[in-house]
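Breakdown of the fold
Single-letter residue listing:
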Amino acid sequence: MKKYVQVGCGIRGSAYNQTLTSGKFDDCAELCGLYDLNPKRAQVASERCKVHPEVFTDFDEMLQEVKPDTVIVTSKDCTHDEYIIKSLRAGCDVISEKPLTTTFEKALAIQKAEKESGKQVRVTFNLRFSPFYKQVKEILASGAIGEIYSVNVEWMLDTHHGADYFRRWHRERANSGSLLVHKSTHHFDLINWYLEQEPLYVHAFGKRRFYGTNQPQPAERCLTCEERCPYYFNIDRTPHREVYLNCEDADGYKRDKCIFSDEIDIEDTISISVEYSGGALLTYSLNAHCPYEGHVFTFNGSKGRLEVRSSYQSSTTSYGQSHTQNSILLYDRAHNCTEIPIAEADESGHGGADGLLMEGLFRGKPEDPLCQFADTWAGMMSIGIGMAANISMAENRRVALSEFYEELK
Ligand SMILES: NC(=O)c1ccc[n+]([C@@H]2O[C@H](COP(=O)([O-])OP(=O)(O)OC[C@H]3O[C@@H](n4cnc5c(N)ncnc54)[C@H](O)[C@@H]3O)[C@@H](O)[C@H]2O)c1
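Computed from a predicted structure; not experimentally measured. (Residues numbered from 1 in each chain as written. Predicted model: local features only at pLDDT ≥ 70, side-chain atom pairs only at ≥ 80, totals over all residues.)

Let us look at the overall build of the protein chain. Helix and strand content of the protein chain: 14 helices and 15 strands. Over its C-alpha trace the protein chain gives a radius of gyration of 21 Å, about what one expects of a compact globule, namely 22 Å for 409 residues. Principal-axis analysis of the C-alpha atoms places the extent of the protein chain at approximately 60 × 55 × 40 Å. Relative to its full complement of 409 residues, the protein chain shows a buried share of 45%. Taking contacts inside the protein chain between residues at least 6 apart in sequence as the whole, the part at least 24 apart equals 73%. (Helix = DSSP H or I, 4+ residues; strand = E, 2+ residues; numbered from the N terminus. Rg over C-alpha atoms; globule rule 2.2 N^0.38 Å. Buried ≥ 20, exposed ≤ 12 C-beta atoms within 10 Å, placed from the backbone. Contact = placed C-beta atoms within 7 Å.)

What follows is the structure in structure tokens.
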């Protein structure tokens, strides 16, 4: 039986604490403690669990008292490093939500602490567990399009889910590292995983076109705003009332701030080029203000081309997606196009990814032939692209990841 504790008891944290206390893993895993900077939110999280883990008001005390095998880190992105490093030094393994962290300095400090501790960090890139993205991995790994020369990725967020990043702590670069780190880490990880190559050089352009100061800001937040603009967010409903609104007096955090605020300092329109160690080229764009959500991936290889499309309606009330339409088309050199039947997914979050991820994390996966579990290096590589892109935009230059990561020299 493994003992777990968790730091960060927001909405994503609840996916872990509710799963661990659901009874499904009673034979192998016990959640023995919760900690959050906002003690009220930790209390709410505990109450919402089927079995109520003890709430601690001090992280170090939780480690000392519980002596957990593994710490689950689901706090705000820029705080991951502090908890990962403390946990490793206390002799614990770590399960960390993406992104691993938000700066090169913090990433290197995590890597050093992991090496010194002999313990292990797992970064939970849940998309690797989604039957759809796993299927794409299997097709590419089978050599169906031969050596991959280039990849184009267009990722779309809509004005429902996409706008949500501009209301919350994510809208400040200091918290999230920008969408290029917070959000694109998922996408860069998928591409790194598919290519099995390391990103070397990054050149990026980015702007804020839709959110921020583009329109008047009638109020600080939706709750007190008399205008019901198309982006109105109702925080006074389940689960946001319990998790955020009722806990505001403990830390002052407001989850429904106006998306047209001048506090916002992240981009919503981004274009990036990346060159990889094996010669593959990535062209990536992220638009956070589209009429629908989804993506188009195209892989051009020595033997053909793979086109992967997904579109869906987003939701800010859960991590579910609805009306998903996925397609995979394989083109060969003889001009044949084959439509590949899509793998089935269960109802768990992120297209069936979350259920399979949790199963693998808590029950274990005897074999991992597709390398679905991501380590610290994979975490560093995916945020490396986003952080290098931030530097590229700020300094208007091509950035080499080897400027920060010795291993790439
Ligand atoms: N894999 C995914 O699909 C996915 C989806 C959503 C979020 N996430 C990740 O999960 C993490 C949490 O995101 P969320 O959506 O639950 O956000 P959230 O705002 O709901 O929760 C974050 C929690 O961290 C707490 N916190 C802030 N600063 C802290 C500190 N210094 N010490 C301890 N706790 C602190 C907050 O009080 C809050 O309860 C983030 O790292 C995010 O990137 C991953």
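Before going further, it helps to spend a moment on the site of the ligand. Neighbouring residues of the ligand: 22 residues in total, closest Gly10, Arg12, Leu37, Ser75 and Glu97. In terms of residue count, the dominant contributor to the shell around the ligand is helix H1 (residues 11-20) (three residues). Across the shell around the ligand, the residue classes tally to four nonpolar, 11 polar and seven charged. (Near = placed C-beta within 6 Å. Nonpolar A, V, L, I, M, F, W, Y, C, P; charged D, E, K, R; others polar.)

The subject of this paragraph is the domain arrangement of the protein chain. The assigned domain composition of the protein chain is domain 1 (2-124), domain 2 (127-211 + 264-350 + 375-408) and domain 3 (222-251). One C-alpha centre belongs to domain 2, the other to domain 3, and the line joining them spans 30 Å. (Domains from an automatic or database assignment.)

On to the sheet that holds strand E1 (residues 2-7). Read from one edge to the other, the open sheet built from six strands follows the order E3-E2-E1-E4-E5-E6, with strand pairing classed as parallel. Lying at the two open borders of the sheet, with one neighbouring strand each, are strand E3 (55-56) and strand E6 (121-124). (Pairing = 2+ DSSP bridges.)

At the junction of Lys98 and Pro99, the peptide bond is cis and its omega measures out at -15 degrees in the coordinates. As for its position among the elements, Pro99 is in the loop between strand E5 (93-97) and helix H5 (104-117). A cis amide bond links Thr238 with the next residue in sequence, Pro239, at an omega value of -5 degrees. Relative to the helices and strands, Pro239 is located in the loop between strand E8 (199-207) and helix H11 (240-243). For Lys67, which is not a glycine, the phi torsion comes out positive at approximately 50 degrees. Note that Lys67 resides in the loop between helix H3 (59-66) and strand E4 (70-73). The partly exposed category is assigned to Lys67, around which 13 C-beta atoms lie within 10 Å. For His335, which is not glycine, the phi dihedral falls at a positive 70 degrees. As for its placement among the helices and strands, His335 is situated in the loop between strand E13 (322-332) and strand E14 (337-339).

A few words now on the pairing of E5. Most of E5 is tucked away, with four of its five residues classed as buried. Alignment of E4 against E5, held across four bridges, turns out to be parallel. The residue bridging Ile72 from the neighbouring strand is Ile95, located in E5. Assessed by its sense of winding, the connection that carries the chain from E4 through helix H4 (residues 80-89) to E5 is right-handed. The pairing of E5 with E6 spans four bridges and is classified as parallel. Bridge pairing in E6 places Ile95 opposite Arg122. Running through H5, the crossover from E5 to the neighbouring parallel element E6 is right-handed. (Right-handed = clockwise from strand over helix to strand, strands pointing away.)

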